[in-house]
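Working through the structure, step by step
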Amino acid sequence: MSLAGTRGLRPSPLVLTAGAIALAVAVPLLVVGTAWRQPAGAVWRHLWQTQLAELVVNTLGLALAVGAGTLVVGTALAWLVVAYRFPGRRVFEWALVLPLAVPAYVIGFAFLGFFDWGGPAQSALRRAFGEGARLPELRSGWGVALVMTLVFYPYVYLLARSAFREHGLATLEAARSLGHGRRRAFFETVLPMARPSLVAGVSLAMMEALADFGTVSTFSYRTLTEGIYRVWNGMFDRVAATQLASLLLLLAMALLLLERALRGRRRFTQSRSRGSGVEGERLTGWRARAATGACLAVLGLAFVLPVGQLLLWAGEVVGGARAPRNFLGLLASTFALSGGAALSICVLGLILAYAVRLHPSPGARFVAQFSSMGYALPGAVVAVGVLAPVAWLDGLLRDLGQLVLGRPPEWLLTGSAAAVLFAYAVRFLAVGYQTIDAGLVRIPTSFDEAARSLGVRLPATLRRVHLPLLRGGLLTAAILVWVEAMKELPATLLLRPLGWKTLAIEVWELTSESRWAEAALPAVAIVLVGLFPLMLTTHLTSRRPD
Amino acid sequence: MHSIASMLRLTVAACGIVAAGLGPVPGPARAAEEIVLYTARHYGQEKAFEAFTEKTGITIKTLNGDAGQMFERLRAEGDRSPADVFFTVDAGNLWNAARAGLLAPVTSAELAKNVPAHLRDPDSRWFGLTMRARTIMYNVKKVNPADLSTYEALGDPRWKGRLCLRSSGYIYNQSLLATMIKRHGEPRTEQVVKGWAANQPAIISGDTKILEALAAGQCDVGLTNTYYLARLLAKDPNFPVAPFWANQATTGTHVNVSGAGVTAHAKNRAGAVKFLEFLSTLPAQQMFADTSLEFPVNPKAEINAIVRGWGPFKADDVNVASAGELQAAATRLADRAGYK
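Residues numbered from 1 in each chain as written. Chains lettered and ligands numbered in written order. Predicted model: local features only at pLDDT ≥ 70, side-chain atom pairs only at ≥ 80, totals over all residues.

**Here we look at the domain arrangement of chain B**
All names here are of chain B. The criterion, for reference: These domain boundaries are the output of an automatic or database domain assignment. What counts as a contact here is a pair of residues whose C-beta atoms, placed from the backbone, lie within 7 Å. Where helices and strands are cited, they refer to DSSP runs of H or I of at least four residues and of E of at least two residues respectively, numbered from the N terminus. Residues are grouped as follows: Ala, Val, Leu, Ile, Met, Phe, Trp, Tyr, Cys and Pro are nonpolar; Asp, Glu, Lys and Arg are charged; every other residue, Gly included, is polar.
Once the domains are mapped, chain B shows domain 1 (32-131 + 257-302) and domain 2 (132-254 + 313-337). Between the C-alpha centres of domain 1 and domain 2 there is a distance of 27 Å. Of the residues lining the interface, 17 residues belong to domain 1; the matching set on domain 2 comes to 18 residues. Those elements that place two or more of their residues in the side of domain 1 that touches domain 2 are helix H4 (91-99) and strand S5 (127-139). Tallied by class, the residues present in the side of domain 1 that touches domain 2 amount to 8 nonpolar, 6 polar and 3 charged.

Below you can see the structure in the form of structure tokens.
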């Protein structure tokens, strides 16, 4: 049955469009691959003799630890707020998304400030227990994994929460009516049904961990991205650095294959749009306190602590009142680029996910997956990967201008908002595609067939059947992209038009000079600008239909 | 569905703003005279830039960025780059831009007079405009400065577990090691760095963080640029860390520059040269020295009072260009020596 009937036909416009998108987005990744045409054997020998093993082991270990950490924290919190009622649940439900609005390196820096040797936590410890008292070293693999888990768990939380909301309670109810205990019902029925969403969330978190440079460099923890930076800036060897980056691509590819395997062949679909009408179980006594405490602890560490630290710093400069010049300009650039990214990437992600749904061949899946691998590359590598084709296009346009108009155009694509948005698409298509796809696979294909048998054409099916059901997934995708784009640094820095500056760039300029107090204001602004849409989405997606 | 419609309207509005930015990027055609500056230096120059515009009527358009990235953008834009001047920190970055042909030589008596020879490119493609010293910092309550002498001596076992360093991936450390290689050659430098690594230094990201770690007592001795300490002392005169001028009996304290060059495809070359010349003159040098608390390159400018309080020192007079020439070697050497 299913949609096998559509296979083997001539490629539809949808598939062609999806293919074109995937190809365009893959170009910068292929540019990374072309670095291999030039020899860099000496650098590789050097790396092999000194640190390559350490870098690879650290990178893999970090990605796995962050994957496990976000899976446990994100899933547990999501199940807690969906399946139970306890004091503060209504607030935690949306507040637990908030850490996503804080750039990872800000959380990392605030953590170091607070828990470092000279910070308040250890100073108090020494005062209480004498000079020998100390916390475990935060500048270590565990420290970095802890911070990244706190920053990235919302990916899993968001996706798991919407999956649990759509079918969790009803499934639990059904399983229990068959005589299963609550725990068994959760692990054997609810969790497997949510698997596509969980796996999608975890793989996003792991790709973030692979690509991160800001946090690992703050913690002086050596991963492949740090090695790439060292070869690039320390040895002035971009070719070897890019070759090293292709190792990350390999890791990402392995991760995506693993993801496919874990999602499994079974398709879990929902029969109702959302909300089963089943109420969550009310917790009382110590259980209620424990639930509230767990949410508070995570939120405190991942959001209250860093934002509180920022506000303290901001307070230091408010007296001096050196508000960033042209604050409105910063906001306008930030909104324009992030908004443009959210919109364009959702459209691209929807096209890809839809093409895969209608033509579910392994080839189509692979193409869609490959196009989302830019997410696992450090932003700086993607940025340079984008620079090459864009500069090539500029050359082409110059020749065309020469030929047609007799003079070259007076502008460059290099250094335009279009180039920045292209880089965002390369980097963040994974977020849009994964999130939308995870939502789309939960809509039974029988809906499509029913619509078709009623003579409803494809675009109308999309508009009238899928989009309403996909509302939560689409909004989640838009918001994740929005927040990501807002925090993005290297590509924005490299490709933006003259005179454009985003909040993230302002923060970076100040922090690169150790001027944390002055950076605090724009950093708080990033959090606020990210909060608004996060809360909007949570509000829109948690409303139940009448 | 109503909410989706309003979301759509919002995003359409956002697209409008984006579309405005998608439009043509202003090319070489300019109304008033201006220069376009690509800069990887973000602090303490605003006043000097404003003074330049006031004096010459030439406006400055800047694009800030990371040195490695600005380099890539300049190279990708090629002969159509709008940039007239490339301004960056670290002599290694300047050397690399010059090597890639991104900077054009400038013959200027003014610059030759104001910038000492070891702080500019021997081929006149870039000029140091501020000087920074990277030296030994110590906790005044825990260290007797008589125990300190040279960078090399930080490998002495007496400093085991007492050192705080930036990572060897940090550009100022790479430049320090590069000039050390220039002086001693690779084998001896590698011995020195092995000594540092054997003392198991805490690797801390951020010069200010190192100074705070020294003050808190996490470690006793570190290596940082002096202006970070000057900024902390400006806030708190009792901050318990002091600089020790390294290598006074031998090669002199390591210095580096932030500096600039005129791009190879500058559209306003005359304006760009004027700009560099202005930045090397006394008034601009004084503004640099007072806001960023670095050392002026122009010996006529006065050093800020906090910095002057540390007393005069002998600076290493090896040409800072060697920081670039030997930087890759320095990075590899640090890797081999086990200095993270």
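Picking up after the structure, the text goes on.
**So, the pairing of strand S10 (residues 254-263) of chain B**
All names here are of chain B. Definition in use: The exposure label follows from counting other C-beta atoms within 10 Å of a residue's C-beta, where the C-beta atoms are placed from the backbone and the thresholds are 20 or more for buried and 12 or fewer for exposed, leaving partly exposed in between. For two strands to pair, DSSP has to find at least two bridges joining them.
In terms of burial, S10 is a largely internal element, 10 of the 10 residues being buried. The pairing of strand S3 (residues 85-89) with S10 spans 5 bridges and is classified as antiparallel. Its bridge partner lying in S10, Phe 87 is registered against Ala 260. Across 2 bridges, the pairing between strand S4 (residues 103-104) and S10 is antiparallel. Looking at the pairing, Leu 103 lines up with Thr 263 of S10. Bridge analysis of S5 against S10 gives 7 bridges, and the strand direction is antiparallel. The partner of Phe 127 across the bridge, within S10, is Ala 260.

**A word on the interface of chain B and chain A**
The accessible area lost on association of the parts is a frequent measure of interface size. The interface is formed by 52 residues belonging to chain B together with 50 residues belonging to chain A. Of all the secondary-structure elements, those providing two or more residues to the side of chain B that touches chain A are helix H1 (2-22), strand S2 (59-64), helix H3 (67-77), helix H6 (171-184), helix H8 (207-216) and helix H14 (327-337) of chain B. No other element matches H1(B), which puts 9 residues into the side of chain B that touches chain A. Partitioned by chemical class, the residues of the side of chain B that touches chain A number 21 nonpolar, 19 polar and 12 charged.

**Re the pairing of strand S1 (residues 34-39) of chain B**
Residue and element names in this part refer to chain B. Counting buried positions over the 6 residues of S1 gives 5, a clear majority of the element. Two strands pair when backbone bridges link them, and S1 and S3 are joined in this way by 3 bridges, in the parallel orientation. The residue of S3 that forms the bridge with Thr 39 is Phe 87.

**Comments concerning the domain arrangement of chain A**
All names here are of chain A. Looking at the assigned domains, one finds that chain A contains domain 1 (1-37 + 322-546) and domain 2 (47-264 + 278-319). For domain 1 and domain 2, the distance between their C-alpha centres works out to 23 Å. Taken together, the contact pairs 41 residues of domain 1 with 41 residues of domain 2. Elements with a minimum of two residues in the side of domain 1 that touches domain 2: helix H1 (13-34), helix H16 (379-404), helix H17 (417-440), helix H19 (458-487) and helix H22 (516-542). For the side of domain 1 that touches domain 2, the leading source of residues is H22, giving 16 residues. For the side of domain 1 that touches domain 2, the residue count by class is 26 nonpolar, 11 polar and 4 charged.

**Thoughts on the nonpolar core**
We apply this condition: Linking buried Ala, Val, Leu, Ile, Met, Phe, Trp, Tyr and Cys residues through C-beta atoms within 7 Å yields a set, and such a set is a nonpolar core.
In this structure, A:Leu352, A:Val386, A:Ala423, A:Phe428 and A:Val481 are the most contacted members of the largest nonpolar core, which totals 188 residues. Two domains each donate at least three residues to this core, and these are domain 1 (1-37 + 322-546) and domain 2 (47-264 + 278-319) of chain A. Not counting residues up to four positions away in its chain, the partners in contact with A:Phe428 are A:Ala341, A:Ile345, A:Tyr375, A:Val481, A:Glu484 and A:Ala485. One finds B:Leu276, B:Ala289, B:Ala321 and B:Ala323 within the second-largest nonpolar core, a separate group that totals 98 residues.

**Side note on the packing of helix H2 (residues 46-56) of chain B against helix H10 (residues 269-280) of chain B**
Residues and elements named next belong to chain B. As a reminder, the rule being used: Helix axes use the C-alpha atoms of the stretch in contact, all axes being lines fitted to C-alpha atoms, and the angles between their N-to-C directions lie in the range 0 to 180 degrees. The cut-offs work like this: below 35 degrees is roughly parallel, past 145 is roughly antiparallel, 65 to 115 is roughly perpendicular, and the gaps in between are oblique. Crossings are assigned a handedness: left-handed for a near helix turned anticlockwise from the far helix by less than a right angle, right-handed for a clockwise turn.
Closest axis-to-axis distance for the H2/H10 pair is 10 Å, and the angle between their directions is 120 degrees. Here H2 lies oblique to H10, going by the angle between them. You can see that H2 and H10 cross each other, and the crossing is right-handed. Residue-level inspection shows Ala 48, Phe 52, Lys 55 and Thr 56 of H2 in contact with H10, the latter providing Lys 274, Phe 275, Phe 278 and Leu 279. Here the contact of H2 with H10 is built from residues that sort into 5 nonpolar, 1 polar and 2 charged.

**Let's talk about the packing of helix H7 (residues 186-198) of chain B against H14(B)**
Residue and element names in this part refer to chain B. Contact pair H7 / H14: the axes reach a minimum separation of 9 Å and the direction vectors enclose 50 degrees. With respect to H14, the element H7 is oriented oblique. When the axes of H7 and H14 are compared, the crossing they make is right-handed. Residue-level contacts link Glu 186, Thr 189, Glu 190, Val 193, Lys 194 and Ala 197 of H7 to Ala 329, Leu 333, Ala 334, Arg 336 and Ala 337 of H14.

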